[in-house]
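# Structural features, examined
One letter stands for each residue in the lines below.
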Amino acid sequence: MQQARMQNPAVVIPEAMSAILGVLKAAKKGGVPEGTLDLVHLRASQINGCSYCVVGGTIAARKAGESDERLHAVAAWREAPYFTEAERAALALTEAATRLSDRSEAVPDEIWNAAAAHYDEKQLASLILMIGVTNLFNRLNATTRQPAGESW
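Summary of the structure given here.

Parameters at a glance
Note on numbering: residues in each chain are counted from 1, in written sequence order. Side-chain atom pairs in this predicted model are given and counted only at pLDDT of 80 or more, local residue features only at pLDDT of at least 70, and totals for whole chains, interfaces and linings cover all residues. Note that the side-chain values use all heavy atoms of the structure and ignore hydrogens as well as water. For helices the rule is a DSSP run of H or I covering at least 4 residues; for strands it is a run of E covering at least 2, with both sets numbered from the N terminus onward. Contact between two residues is taken to exist if any of their heavy atoms lie within 4.5 Å; hydrogens are not considered. Calculation of accessible area relied on Shrake-Rupley with a 1.4 Å probe; when residues are assessed, cover is drawn exclusively from the protein chains displayed. Just so you know, the count uses Lys and Arg for positive and Asp and Glu for negative, and it drops His and the chain ends. The atom standing in for a charge is NZ when the residue is Lys, CZ when it is Arg, CG when it is Asp and CD when it is Glu. Only buried Ala, Val, Leu, Ile, Met, Phe, Trp, Tyr and Cys residues count toward a nonpolar core, and they belong to the same one when joined by side-chain atoms within 4.5 Å. Throughout, exposure labels follow a simple rule: accessible area from a 1.4 Å probe, protein chains only, divided by the maximum for the residue type, with under 20% read as buried, over 50% as exposed, and the rest as partly exposed. Between N-to-C directions, angles span 0 to 180 degrees; the directions come from axes that are lines fitted to C-alpha atoms, helices contributing only their stretch in contact. An angle counts as roughly parallel when it lies under 35 degrees, as roughly antiparallel when it exceeds 145, as roughly perpendicular when it falls between 65 and 115, and as oblique in every other case. Throughout, a crossing is termed right-handed when the near helix is turned clockwise from the far one, and left-handed when it is turned anticlockwise from it by less than a right angle. A patch consists of residues whose relative accessible area exceeds 30% and which take part in no salt bridge; residues with like charges are grouped when within 9 Å of each other, and nonpolar side chains (Val, Leu, Ile, Met, Phe, Trp, Tyr) when within 5 Å. One side-chain nitrogen of Lys or Arg within 4 Å of one carboxyl oxygen of Asp or Glu is enough to make a salt bridge.

Counting secondary structure elements, the protein contains 8 helices and 0 strands. Its C-alpha atoms put the protein at 40 × 30 × 30 Å along the principal axes. The contacts of the protein with a sequence gap of at least 6 include a subset with a gap of at least 24, amounting to 70%. Of the roughly 8100 Å² that the protein leaves accessible, carbon and sulfur atoms contribute 56%. Counting 15 positive and 17 negative side-chain charges, the protein places the averaged centre of each group 6 Å from the other.

Dropping the structure here:
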């Protein structure tokens, strides 16, 4: 089992954790279905190799009623039949916003326009905040090697 290099920095500096959790709470108030936000969290965490967040996100999504079929298929969402067009747009936005340096244009208009076709401005803000806070958690956990399954 992987050993953490240190505690999560947001635990070491509790003011950071409360601020991060405040952003997370705000993201959940943007009108995007919680299940979609769970998928966004899981996909960004998969891309970033954050086992702590992949395990925790899967457990949380399952508790919220998400099916195993959909959770297992998130990594291959383009080929899987389980996702709505709105969820696909959110997952594409997640991938682009998480992999900013993979393209000359970080989030191409095609991806943005697909998301904007399904989500209004407040919902887009919710998705972007969820992607951002997930990427922050992923970076904190991966850098400090937080072990999967801890405190879940």
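The subject of this paragraph is the nonpolar core. The biggest cluster of nonpolar side chains holds 35 residues, and the ones touching the most others in it are Phe83, Leu127 and Met130. Of all the elements in the fold, those that place two or more residues in this core are helix H2 (14-27), helix H3 (34-48), helix H4 (51-63), helix H5 (68-73), helix H6 (85-98), helix H7 (109-118) and helix H8 (121-143). In terms of residues, this core owes the most to one element, H8, which gives 7 residues. Excluding residues within four positions of it along the chain, Leu127 makes contact with Val32, Thr36, Leu37, Val40, Ala90, Leu93 and Tyr119.

With that out of the way, let us pick up the side chain of Thr36. Take Thr36: it is sitting in helix H3. Residues within four places of Thr36 in sequence aside, it is in contact with Glu87, Ala90, Tyr119 and Leu127.

Interaxial distance between H2 and H8 falls to 8 Å at its minimum, and their mutual angle equals 150°. Looking at the two axes, H2 sits roughly antiparallel to H8. Seen from above, H2 lies across H8 with left-handed handedness. Note on element contacts: H8 touches H2 through Ser126, Leu129, Met130, Val133, Leu136, Phe137 and Leu140, opposite Met17, Ile20, Leu21, Val23, Leu24 and Ala27.

Another aspect to go through is a nonpolar patch on the surface. Together, Met6, Val12 and Ile13 line one region of the surface with nonpolar side chains, adding up to about 260 Å² of accessible area. Take Val12: its relative accessible area is 44%, and that puts it in the partly exposed class.

With that settled, the discussion passes to the pattern of salt bridges. When charged atoms on two side chains of opposite charge get close, those side chains can pair. Under the definition given, this model contains 8 salt bridges. Here Asp68 ties to Arg62 by a salt bridge, and the two come within 2.7 Å at their closest N and O atoms. Judged by its relative accessible area of 36%, Asp68 falls in the partly exposed class. Among the salt bridges present, the one from Arg88 reaches Glu85, with a minimum N-O distance of 3.9 Å. Taken as a pair, Arg88 and Glu85 lie in helix H6 at a separation of 3 residues, close to a single helical turn.

Turning to the environment of Tyr82, a few remarks are in order. Structurally, Tyr82 can be placed in the loop between H5 and H6. The sequence separation of Tyr82 and Ser67 amounts to 15 residues, and the corresponding C-alpha distance is 9.8 Å. In contact with Tyr82, not counting residues within four places along its chain, are Glu69, Arg70, Ala73, Glu87 and Arg88.

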